[in-house]
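As a plain string of letters, each chain reads:
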Amino acid sequence: MKSALKRPTASVALTSAVLAATPLWAQEQEDDIIQLDDIIVTGTGLPTEVFDSPSSVTVVDAGEIREIPPASVANLLSDVPGVQVSENDLDRIRIRGEDSQRVAILLDGQRLSDHNRYGTPLLVSPTDIERIEIVRGPSSVVSGNRAIGGVVNIITKRGADKPVEVSGTAGYIGSNDGYRAAASIAGTFNDFDYRLSYSKLDLNDRETTNGDLVPSSSEEHGVLGFVGYRFGNSYVGLRAQDFDASTEVFTGSPDAQINLPKRDLRKYSAFYEGEDLTPWMSMLKFSAYTQKVDRVFDSEFTSSGGPVTTIVNAGSDDEQTTSGFVATANFEFAPGHRSVIGLEYDDDRLETTKTSDITIIPPFGPPSQISVPSFTDAEIRTASIFGQHEATFGDFVATVGARYYSVESDLNERTVNGFPLPDASNSDDRWLGSIGAVYNLSDDAILRANISQGYTFPSLSELYLSTSAGGQVINGNPNLKPETATNYEIGARVDRGNFVLDTAIFYTEAKDYITTVADPVNPVELIYDNVESADSWGIEIAAEVDPGWGGVRPYVIVSNVTREFTYSNGFSTKDSGTPEWTGTLGVRSDWQTASLTGTWDMFLRGESAAELRDENGNIVDSGTATGTNPTSGWTTLNFRGSVDLTENALLTLELNNILDRSYRANDQIPAAGRNINLFVTATF
């Protein structure tokens, strides 16, 4: 039997003994001891049980992923406190109200970067994921650049426990009348292990209560290969990933068309892991990678001002290449003391060709056209060294860490209409720190506290590019400063078997936020500038209890976030576009018949209303491609379940928005109406 708190408490995971338990009700009841014993590294850089972590962490592990229909990566993260997934085009993650460009996305511990203004999309199939580690709140000491809102580390699958394991997944996704299919072969021969997988997604336009969103279709397919070799206390491996995605963006207006026909990732990496290499070195890790993202963006916007019609066609063809490495070493020089030191480097280069065609159609006479092509070659090189130390004094555990950043960015080439523009550069050097503490009240209860800092260096788009969106030109600013944040939080965890609680209270100060303002050189255009600060505070609660109702367990997952923006003109507002309340309330259990076993989960999910005000106090659009700000609060009734059809076959299903409500979640396109996700996975 599995706890609903596996997500909110950062992996209240089934142990291998529970997973292998004979499916008899009495035996499952006896084994159903909720445990916070998953090991996580992302939070502190040191292998630490979730229960003892000073940070707000969550793990979605393999056991939980198995029981969630793999419609999308967003589906795996839907009940993590403080996390929202934007599904306007490609899935992107917000944490504690911070936009996705302020959330670090790691794939197998290596950074995925994206230099558009919307943040890094999740370019991986959910069927390839072994587990996901999430850190909520600034975490740039351990996890590096862009970790102001938090960190999401997606860990892909490796080999299998037997020489040959063949697995297949196929399912229907009702929200878009589409499907996902995947197949893999994996295994272990002596000291070698391997995996080769293929996945495909094909979605039609989203079907809402009020009709289809046209266009909003998408496709993706991916290939993932892995081979590893173990010798002594060491393990080496190679990974290769080829992931292609395309999507049509629903804008809600026939005069606005956005198409993303290409967002492709090619990633190759190699790693080394060594354990207990010396009496004082418990772990040594090194990984190197190279990846390329090809992105094509097309848009067309039509406006009619009196008798004149203007059509703006904007296109962008980007090639982003990133190479880097991460090296860490864990030491235990004395009892009760653990340390980690690390070195990280990456070189991020973007070459982009943009076109902007403006057609003016007068009431009389032929139309006129202006074409403005441009080319940009720019890069960012980031080097950092970090360390973290943990000391145990009886029931008290303290951690302290620091990271030094050295960042250099250069505009290597920029031409507009064939004319070269002056080169530009930007750089930054600074120290960041963190400190944490855990006090063990008893074997089943702890108090924790944490102070941590976050850091986001401006993207290449914000520094050097000129982009067109919605007919509006936005210019880069090479003089931007990095965004920074400091987070203060206290929390508690309780694990008493039949009652589990994980809660945190936090306060975050962020400054030098980058946003767009009127360009002083050309006021009809916009430019990026550091003009905002933001204070965020709130509480996250995840709790589950087994009251003795025959295995039925009520649970609650709730987050409260208040964000106050202060603009450069001094105007402050708590209308930040972030819902103050988000959460899930439900009951769940395992079930059994004479020949079948499974799980069920009936729950309410929702969020409160939200609106965004600009520096003049006016309510503005939330930034989505569709509906306008403010958004109304909403609640949906949903069901999730699983059935073990045979020893080798599993059926998972979801009934979403059962009452067929019409609503639009914050920063998303209008939600799907009543729909079902139905998947079958077979493994042999």
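Calculation rules
Residues numbered from 1 in each chain as written. Predicted model: local features only at pLDDT ≥ 70, side-chain atom pairs only at ≥ 80, totals over all residues. Heavy atoms only, no water. Helix = DSSP H or I, 4+ residues; strand = E, 2+ residues; numbered from the N terminus. Rg over C-alpha atoms; globule rule 2.2 N^0.38 Å. Buried < 20%, exposed > 50% of the residue type's maximum accessible area, 1.4 Å probe, protein only. Pairing = 2+ DSSP bridges. Axes fitted to C-alpha atoms, helices over the stretch in contact; angles between N-to-C directions. Contact = heavy atoms within 4.5 Å. Polar contact = N/O pair within 3.5 Å; in protein donor to acceptor, adjacent residues only side chain to side chain.

S.K.: Hey, could you run me through the overall build of the chain in this one?
M.R.: Helices and strands together make up the secondary structure of the chain, namely six helices and 39 strands. Radius of gyration (C-alpha) of the chain: 25 Å, near the 26 Å computed for a compact globule of 684 residues. With the C-alpha coordinates aligned to their principal axes, the bounding extent of the chain is approximately 85 × 55 × 50 Å. The buried share among the 684 residues of the chain stands at 55%.

S.K.: Would you mind showing me how to read the pairing of strand 25 (residues 445-456) here?
M.R.: In the case of a regular strand, side chains alternate between the two sheet surfaces. One ladder, built from eight bridges, connects strand 24 (residues 424-442) with strand 25; its direction is antiparallel. Note that in strand 25 the partner of N440 across the bridge is I446. The turn linking strand 24 back onto strand 25 is made up of two residues. Bridge count for strand 25 against strand 28 (residues 483-495) is twelve bridges, and the pairing is antiparallel. Bridged to I451 within strand 28 is Y488.

S.K.: So what exactly am I meant to see when it comes to the sheet that holds strand 8 (residues 129-136) here?
M.R.: Note: strands within a sheet are paired through backbone hydrogen bonds, in either parallel or antiparallel orientation. In space, the five strands of this open sheet follow the order 3-8-9-6-7, with mixed pairing throughout. Each end of this open sheet is capped by a strand with a single partner; those strands are strand 3 (56-60) and strand 7 (110-112). Shown here is a sheet whose adjacent strand axes are inclined to one another by a mean of 25°, direction ignored.

S.K.: Help me out: how do you make sense of the environment of R349 in this one?
M.R.: Within the fold, R349 resides in strand 20 (residues 337-361). For R349 and G97, which are 252 residues apart along the polypeptide, the C-alpha to C-alpha distance reads 29 Å. Beyond its immediate chain neighbours, meaning those up to four positions away, R349 contacts E319, Q320, T321, D377, A378, E379 and N412. At a separation of 2.5 Å, a polar atom in the side chain of R349 contacts the side chain of D377.

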